[in-house]
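Chain residues, written in single-letter form:
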Amino acid sequence: QTLTGDAIQISYGDDGLYNWSTSTSGLEVDDGTGIWADVTYPGTPWSMFDVEYTQATDGDVEYYAITYGSDTITIDSENDLSSGTTLTSVYEWTAGDLDIVKAETWDAADQAVTVSFQLTNTGAEALTGARFVWGFDADTDYEDYSDFDTLNDVGDLDADGVDDWLQSVGPSSGWTVGLLSCQPGDDEFGHIGSWSSASNYDADITLTDHDGAEGDNAMYWRANAGDIAVGDTVVVSTVLDRESVVEG
């Protein structure tokens, strides 16, 4: 599935994550001249999602989707629900007793994408401590400069003492991929190194603020959904933006 706007184009793999091997493309941004720069597929097209929760019968439960290796999440459906100038990609997953709907929506002219995850408890027991991480490797300079590194930072945009912004910036191009919190205080942002290791498919992975330092690191967003009663639904969201917001 590939959805194309004026400033952002995204190709999704079979698991609903960024980077589609058939089209050899991922998250692309227009450079202002009509030429697309792919900021996630060149280099190493890495993307992942990992969800964990606890229930009385099975204890601690974990499911994941990754671009390398076997998914333990079941992919139920894939839909392009775009209408007019509004682009909408929807994937539905099953993770044990959790039904997950991932939707990404943006207007064709927008430079930002709303990314939401709807989590519904379809089982017979309450789910406690539900949380997930969604991450990908933004190699913003690899296509044009053969450079895996980005300048990696976490910021507090509204200066309230809570981090609410994550970004990876190409040292040469200035191309930026950023994530903005929609629920400050419940979200955690950061980067990780050695990201292709199996130990990093973990919802409790340690996330680091590199404070603008350069390195080949993947960007991660952790959302804490909390307890989900039987039949209840929790929706958590972030905003993906292609513009630089903070420095240092």
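How each quantity is defined
Position labels on residues start from 1 in each chain and follow its written sequence. For this predicted model, a pLDDT threshold of at least 70 governs which residues receive local features, and a threshold of 80 or more governs which side-chain atom pairs are given and counted, while totals over whole chains, interfaces and linings are taken from all residues. Hydrogen atoms and water are omitted, and side-chain values are computed over all heavy atoms in the structure. At least two bridges found by DSSP between two strands is the condition for calling them paired. Only DSSP runs of H or I covering at least 4 residues are called helices, and only runs of E covering at least 2 are called strands; the numbering of each starts at the N terminus. Comment: axis = line fitted to C-alpha atoms, over the contacting stretch for helices; angle = value between 0 and 180 degrees taken between N-to-C directions. Whenever a carboxyl oxygen of Asp or Glu lies within 4 Å of a side-chain nitrogen of Lys or Arg, that contact is scored as a salt bridge. For the exposure calls, accessible area comes from a 1.4 Å probe over protein chains only, and a residue counts as buried if that area is under 20% of its type's maximum, exposed if over 50%, partly exposed in between. The nonpolar core is taken to be a set of buried Ala, Val, Leu, Ile, Met, Phe, Trp, Tyr and Cys residues, with the residues joined through side-chain atoms within 4.5 Å. Whether two residues are in contact is decided by their heavy atoms: any pair within 4.5 Å suffices. For the purpose of charge, His is not counted, nor are the chain termini; Lys and Arg are scored as positive and Asp and Glu as negative. Method remark: on a 1 Å grid restricted to protein atoms, a set of points is classed as a cavity if a 1.4 Å probe fits but cannot get out and as a pocket if it is open with protein on both sides within 12 Å along at least five of seven lines; lining residues have an atom within 4 Å of a point. Grid points are joined across faces, edges and corners, and a volume is the space filled by probe spheres set on the points. All amino acids are sorted into three groups, where Ala, Val, Leu, Ile, Met, Phe, Trp, Tyr, Cys and Pro are nonpolar, Asp, Glu, Lys and Arg are charged, and the leftover types, Gly among them, are polar.

Colleague: Account for the sheet that holds strand 12 (residues 150–155), naming residues and giving values.
Modeller: The strands making up a sheet are joined through hydrogen bonds of the backbone, oriented either antiparallel or parallel. An order of 7-8-9-10-18-14-13-12-16 is seen for the nine strands of this open sheet, with the pairing classed as antiparallel. With partners counted over all chains shown, the strands left at the sheet margins are strand 7 (74–80) and strand 16 (213–215), one partner each. Sheet twist, expressed as the mean angle between neighbouring strand axes with direction ignored, is 20 degrees. Where strand 10 (residues 112–121) and strand 18 (residues 233–241) come together, nine bridges link them in antiparallel fashion. If you follow Gln118 over to strand 18, its bridge partner there is Val235.

Colleague: Quick rundown of the pattern of salt bridges? Include the residues and the values.
Modeller: Going through the model one piece at a time under the given rule, you end up with four salt bridges. Among the salt bridges present, the one from Arg131 reaches Glu52, with a minimum N-O distance of 3.3 Å. Placement of the pair is Arg131 in strand 11 (residues 127–136) and Glu52 in strand 5 (residues 47–55), with a sequence separation of 79 residues. Neither Arg131 nor Glu52 differs from the other in exposure class; each is buried. Between Arg222 and Glu188 there is a salt bridge, with its nearest N and O atoms 3.1 Å apart. Pair noted here: Arg222 is in strand 17 (residues 218–228) and Glu188 is in strand 15 (residues 187–192), with a separation of 34 residues, a long-range link. Judged by relative accessible area, Arg222 falls into the buried class, the value being 9%. Overall, Glu188 belongs to the partly exposed group, its relative accessible area being 33%. Each of Glu52, Arg131 and Asp204 takes part in salt bridges that share partners, so that together they form one network.

Colleague: Help me get a handle on the nonpolar core, residues and values and all.
Modeller: Residues Phe49, Phe117, Trp134 and Leu240 are the most contacted members of the largest nonpolar core, which totals 47 residues. Among all residues touching Phe117, those that are not within four sequence positions of it are Phe49, Trp93, Ile100, Val101, Lys102, Phe132, Trp134, Trp221, Val234, Val235 and Val236. Listed in part, the ten residues of the second largest apolar core include Val133, Tyr201, Ile205 and Leu207.

Colleague: How would you explain the side chain of Asp164 if you had to name every residue and give the values?
Modeller: Assignment of secondary structure puts Asp164 in the loop between strand 12 and strand 13 (165–169). One buried charged residue, Asp164, forms no salt bridge at all, with the nearest opposite charge on Arg222 at 16 Å.

Colleague: Describe the sheet that holds strand 15, with residues and values.
Modeller: The strand order across the open sheet formed by five strands is 6-5-11-17-15, and the pairing between neighbours is antiparallel. Only two strands of the sheet have a single neighbouring strand rather than two, namely strand 6 (59–66) and strand 15. The sheet shows a mean angle of 15 degrees between the axes of neighbouring strands, direction not considered. Of the pairings in the sheet, the one linking strand 15 to strand 17 comprises six bridges and is antiparallel in character. Each bridged residue has a counterpart across the sheet, and for Asp187 the counterpart in strand 17 is Ala223.

Colleague: Pulling in residues and values, what's your account of the layout of surface pockets?
Modeller: There is about 230 Å³ of room inside the largest pocket. If you go around the largest pocket, you meet 13 residues; those closest to its centre are Gly13, Asp14, Asn19, Ser21 and Thr67. Here the residues of the lining of the largest pocket sort into five nonpolar, five polar and three charged.

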